[in-house]
Amino acid sequence: MTNSPVDCAVLSAAVVASYADGRLDAAAAWSVEAHLPGCPACRTALSARVDADRLARNRAVVLARAGLHDPGLAARALRRCGVPEHIAVLLGATPSLRRSWLAGLLLVLAIVVGATQLAASLNPAVAQNLGGGGQFSVVAAAGSARWLGLLPFFILAPMVPLAAVATAFSPVLDPAYRLTAAAPVSKIWLLCVRSVAVIGASLVPAAIAALALPGPWWLALALLLPALAMCASALGLATVVPPLAAAAGVAAGWTAVVTAAALAANTASAAFGPAGQATAAVVLAAAITLILVRRNKIDYGWMG
Amino acid sequence: MKALARPGALDGSAAASAAKERTDSGPVLRIEHVTRRYGRTVALDNVSLELGRGIVGLLGPNGAGKTTLLSILATVASPDAGRLSVLGYDPALASERLEIRRRLGYLPQDLGYHRHFTVSAFLDYVAILKELTDSRIRHAELARVLASTDLTALAGKRIRTLSGGMRRRLGLAQALLGSPDLLVLDEPVSGLDPEQRLRFRELLSQLPGDPVVLLATHQVEDVTAVCSAVVVLLAGRVRFAGTPAELADLASGRVWLSPERHAGAELSWRAGDGRWRNIGPLPPAGADMVTPTAEDGYLVLSGAAGGNGAHP
Amino acid sequence: MSQDVEHVADSALVRAVAAGDELALAELYDRHAGWLLVRLRRRCASADIVELALQDTFLNLWRNAASYRGQGEVGAFLWGIAIRRLIDAVRADRRRDRVNQLAFRDSTADRLMASAEDEVLLGVAHGQLGQALSRLSPELRAAIQATVLDGLTCAEAGRLLGVPAGTIKSRCHRARMELREALT
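Here the structure is a predicted model, which is why all the values come from computation and not from measurement.

Side note on the overall build of chain B
Here is step 1 of the chain: In terms of helices and strands, chain B carries 10 helices and 14 strands.
Here is step 2 of the chain: Within chain B, the fraction of its 312 residues that count as buried is 47%.
Here is step 3 of the chain: Long-range pairs, those at least 24 residues apart, make up 68% of the contacts in chain B with a sequence separation of at least 6.

Here you go:
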């Protein structure tokens, strides 16, 4: 590999050998070490005395690790919070946590919020009524068309985490899903970790968007239970029907419920009232039960 | 590497007592009356098999049920009926299924990759799925499989920049993580050119630790090149299980050469040296008989060459 | 990257690494990993920690090669990375609540004094200094070595040796005083 080392003018081979074996006293070793960085010949001689297998083994690991990705901003933040490295890597492979997906999400939310703000500004009476008294009702100032502007947001916002979770588990969208199925990793554990990460990542932008809406501040919080209920239902139903079908079914059902409640009570946020929250809690509990009951199916034969 | 492959029904008591057997001398894989349907299609029809150590080829045309069988053995899919014993464990029981998965390496057909991932990053991800949570152990394992599959130089390359042959090596590399006792490879060399197939065969013959390898393919030459045993699957049923030589024997007395295409042959084609190779149940008297190859046997079996497809 | 890497200078290799050349990284490893390993080994008794520090050194180089701007020898640059990675590895290990395996190896038991001839070769100036250094107590010598030879700050030296930075400071001070006394 390299030329045979030329003897260094400063250090003899014997001294280098003694240093390598740890047999030099401190002062002499110190001198050797001060000399080394500037002398290729001595470095080569020293390397020759190190176990070649050890060097080769570590070389292979260095090159393998060099091929890994740079940990991104999110991964570093997770590590700082004490999340173990292997979990950070696992989450990095989840499709919905990729930047492009989140960017698209932010864009959609921005558009919905922008449109709603525009509608409110065009009709000051609506904005006034929205700000009033901690009540759920949005009184339509003139004609029902005004509050309909808010309806798309209430339909879409809780679906955001649903879409995120669906993409995290769909065999169609997770390229290596069969490897996941055949691997020893617990599918339920993977489900939990990914769901928490994905719901958190997508609920935060959705909640910020909700705060940006004209309306009472707790509207953002009211999104949480329905969102969780929808995600859990989709996952639970996915043990019975194909995952994408389950997600689509839950999304359609949610749209129908929100629209029907809004039409019945004449307010866009009707589905988020106390009755709505209670229903969401019940649905969430039922869905979690379903997942637990069907956990064997999730672990074996879900994807095949 | 001795391989043992027998089809056929199994005596219930023998199966029960052998279910927990994990010695080298017994069968490593046991499949009893397994059936699997997809909708109205019967992918596997009452399949029973015993397989031992070595490289076993699973031969059959597309749609024969190979992928279904391998998915079931890899604990990805569950059978509708029947029982299994994989490495002595029963996949229907959660704790034993975990033990199978800890000893398993699986390369599915058409494995999808996270295309923006680098080679190392993908292997790192799969290694974590295989419970290698300690980063020191995991990275050492990464280095080892990269070296085994000659991918060290490509460690930092994005998967979307890799050729087909390189991706197959990557697929094998991820299957090798954790030094599995059972390797399930679904059509690992289909679509590869001859040189790449050769490299792959070399890799297979150099696997450390003597694992059981199940290799599905629709091409006979892959089987004759590396397999010590072969199972032929046709339309969801096992039609043959034995050595490649025994497969060739199915066509004994049925293969001959002639200067021109022979009218009485079921199958006749012009071989490379200009003469015609014929396969049929009734060779003419005085015909130039040749020793049949495994491919001839397979053709007889699949009914393409006048055989009735039944196991003799 | 040409085939003939052996004749390429270290600094050119580092520039190549900064541009993403893995072959250059491998060549730098082949040239420097050996002596780095020996030198690290003299500061930490655990082979595992030392190997991890060695790997981390080259990975750090892989990611941050652009920070080398030709200041001094590449070898010294690499040592600066290596000793700090050793500190990190030792701290991480301590945090894992394992028995502290760090021990500055300076065994008095099995030691060959450098021959007189070698002392001459090492430089006459070292003769007196060498004796004075040998007469220092191990902790004082370790403190001076870490700060002067390895170029660490008092805080970093403290992390390496497992003592507070203030202790390092006072030990260095005492060491310098003793050396001055011995040499005058």
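Next comes the rest of the description.
Comments concerning the overall build of chain C
Here is step 1 of the chain: The helix and strand tally for chain C stands at 9 helices and 0 strands.
Here is step 2 of the chain: Each helix (α) and strand (β) of chain C, taken in turn from the N terminus, gives the series α-α-α-α-α-α-α-α-α.
Here is step 3 of the chain: Counting every position in chain C, which comprises 184 residues, the buried fraction comes to 40%.
Here is step 4 of the chain: A separation threshold of at least 6 residues defines the contact pool for chain C, and within that pool the share at least 24 residues apart is 60%.

Points about the confidence of the model for chain C
Note: predicted coordinates in regions of low pLDDT should not be interpreted at a detailed level.
All names here are of chain C.
Here is step 1 of the chain: For chain C, per-residue confidence averages 78 on the pLDDT scale, and 78% of positions sit at 70 or higher.
Here is step 2 of the chain: Confidence, expressed as mean pLDDT per element, reaches its minimum in chain C at helix α5 (residues 116-122) with 40 and its maximum at helix α3 (residues 47-64) with 95.
Here is step 3 of the chain: The model gives residues 98-125 a pLDDT under 50, and that stretch makes 41 contacts with residues more than four places away or in other chains.
Here is step 4 of the chain: For this predicted complex, the interface confidence score (ipTM) comes to 0.81, while the overall pTM stands at 0.81.

Brief notes about the pairing of strand β13 (residues 276-279) of chain B
Residue and element names in this part refer to chain B.
Here is step 1 of the chain: As defined by bridge partners, strand β11 (residues 255-258) adjoins β13 across 4 bridges and the pair is classed as antiparallel. The residue of β13 that forms the bridge with tryptophan 256 is asparagine 278.
Here is step 2 of the chain: Pairing geometry for strand β12 (residues 267-270) and β13, over 4 bridges, is antiparallel. Paired with tryptophan 269 across the two strands is arginine 277, which belongs to β13.

Topic: helix α4 (residues 119-129) of chain B
Here is step 1 of the chain: In terms of burial, α4 of chain B is a largely internal element, 11 of the 11 residues being buried.
Here is step 2 of the chain: Every buried residue belonging to α4 of chain B is among Val119, Ser120, Ala121, Phe122, Leu123, Asp124, Tyr125, Val126, Ala127, Ile128 and Leu129 of chain B, and all of these are buried.
Here is step 3 of the chain: Looking at the buried residues of α4 of chain B, the elements they touch are α4 (52-66), α6 (85-92) and α12 (177-182) of chain A together with α5 (135-148) and α6 (164-176) of chain B.
Here is step 4 of the chain: Phi turns positive one or two residues past the end of α4 of chain B, at glutamate 131 of chain B, with a value near 70 degrees.

Considerations on the interface of chain A and chain B
Here is step 1 of the chain: The partner chain B presents 40 residues to the 30 residues of chain A that form the contact.
Here is step 2 of the chain: If you list the elements that add at least two residues to the side of chain A that touches chain B, you get α4, α6, α12 and α18 (295-299) of chain A.
Here is step 3 of the chain: The element contributing the most residues to the side of chain A that touches chain B is α4 of chain A, with 6 residues.
Here is step 4 of the chain: Looking at the side of chain A that touches chain B residue by residue, the class counts come to 19 nonpolar, 7 polar and 4 charged.

What about the nonpolar core?
It is characteristic of soluble globular proteins that their nonpolar side chains tend to be buried jointly.
Here is step 1 of the chain: If you look at the biggest cluster of nonpolar residues, it comprises 221 residues, and the most contacted ones within it are Ala234 of chain A together with Leu214 and Val231 of chain B.
Here is step 2 of the chain: Sequence-distant contacts of leucine 214 of chain B, defined by excluding residues within four places in its chain, comprise Val56, Leu58, Leu70, Leu73, Leu183, Val184 and Leu185 of chain B.

Digging into the sheet that holds strand β14 (residues 288-289) of chain B
Here is step 1 of the chain: Reading across the sheet, the 4 strands line up as β12-β13-β11-β14 (chain B) and stay open at both edges, with antiparallel pairing between neighbours. What marks the edges here is a single partner per strand, and that holds for β12 and β14 of chain B.

Description of the sheet that holds strand β7 (residues 182-186) of chain B
All names here are of chain B.
Here is step 1 of the chain: Spatially, β6-β7-β8-β4-β9-β10 is the arrangement adopted by the 6 strands of the open sheet, whose pairing is mixed. On the outer flanks of this sheet lie β6 (104-107) and β10 (237-242), each paired with one strand and no other. Strand-to-strand twist across the sheet, computed as the mean angle between neighbouring axes with direction ignored, equals 15 degrees.
Here is step 2 of the chain: Across 5 bridges, the pairing between β7 and strand β8 (residues 212-217) is parallel. Looking across to β8, one finds that valine 184 is bridged to leucine 214.

Some points on the interface of chain C and chain A
Here is step 1 of the chain: Counting from both sides, the interface comprises 43 residues of chain C and, opposite them, 36 residues of chain A.
Here is step 2 of the chain: Those elements that place two or more of their residues in the side of chain C that touches chain A are α2 (22-41), α3, α4 (74-95), α5, α6 (124-135) and α7 (138-149) of chain C.
Here is step 3 of the chain: Looking at the side of chain C that touches chain A residue by residue, the classes come out as 20 nonpolar, 8 polar and 15 charged.

Concerning the environment of leucine 161 of chain C
All names here are of chain C.
Here is step 1 of the chain: Following the sequence through the fold, leucine 161 ends up in helix α8 (residues 154-161).
Here is step 2 of the chain: The buried category is assigned to leucine 161, around which 23 C-beta atoms lie within 10 Å.
Here is step 3 of the chain: Sequence-wise, leucine 161 and alanine 26 are 135 residues apart; in three dimensions their C-alpha atoms are separated by 31 Å.

Concerning the packing of α7 of chain C against α8 of chain C
Residues and elements named next belong to chain C.
Here is step 1 of the chain: Contact geometry for α7 and α8: axes closest at 9 Å, N-to-C directions at 130 degrees. Taken together, the axes of α7 and α8 lie oblique to each other. Relative to α8, α7 is oriented so that their crossing is right-handed. Here Ala142, Ala143, Ala146 and Thr147 of α7 lie close against α8, whose contacting residues are Cys154, Ala157, Leu160 and Leu161.
Here is step 2 of the chain: When the residues that make up the contact of α7 with α8 are grouped by side-chain class, the tally is 7 nonpolar, 1 polar and no charged.

Thoughts on unusual backbone geometry
Residue and element names in this part refer to chain B.
Here is step 1 of the chain: Even without being a glycine, serine 179 presents a positive backbone phi close to 45 degrees.
Here is step 2 of the chain: By secondary structure assignment, the location of serine 179 is in the loop between α6 and β7.
Here is step 3 of the chain: One non-glycine residue, alanine 235, adopts positive backbone phi at about 50 degrees.
Here is step 4 of the chain: Positionally, alanine 235 belongs in the loop between β9 (229-234) and β10.
Here is step 5 of the chain: Residue classification places alanine 235 among the partly exposed positions, given that 16 C-beta atoms sit within 10 Å.

Remarks on the environment of valine 204 of chain A
Here is step 1 of the chain: Counting through the fold element by element, valine 204 of chain A comes out in helix α13 (residues 187-212).
Here is step 2 of the chain: Separated by 43 residues in the primary sequence, valine 204 of chain A and proline 161 of chain A place their C-alpha atoms 9.8 Å from one another.

The rules behind each value
- Residues numbered from 1 in each chain as written.
- Chains lettered and ligands numbered in written order.
- Predicted model: local features only at pLDDT ≥ 70, side-chain atom pairs only at ≥ 80, totals over all residues.
- Helix = DSSP H or I, 4+ residues; strand = E, 2+ residues; numbered from the N terminus.
- Buried ≥ 20, exposed ≤ 12 C-beta atoms within 10 Å, placed from the backbone.
- Contact = placed C-beta atoms within 7 Å.
- pLDDT = per-residue confidence, 0-100.
- Pairing = 2+ DSSP bridges.
- Nonpolar A, V, L, I, M, F, W, Y, C, P; charged D, E, K, R; others polar.
- Core = buried A, V, L, I, M, F, W, Y, C linked by C-beta atoms within 7 Å.
- Axes fitted to C-alpha atoms, helices over the stretch in contact; angles between N-to-C directions.
- Parallel < 35°, antiparallel > 145°, perpendicular 65-115°, else oblique.
- Left-handed = near helix turned anticlockwise from the far one by under 90°.

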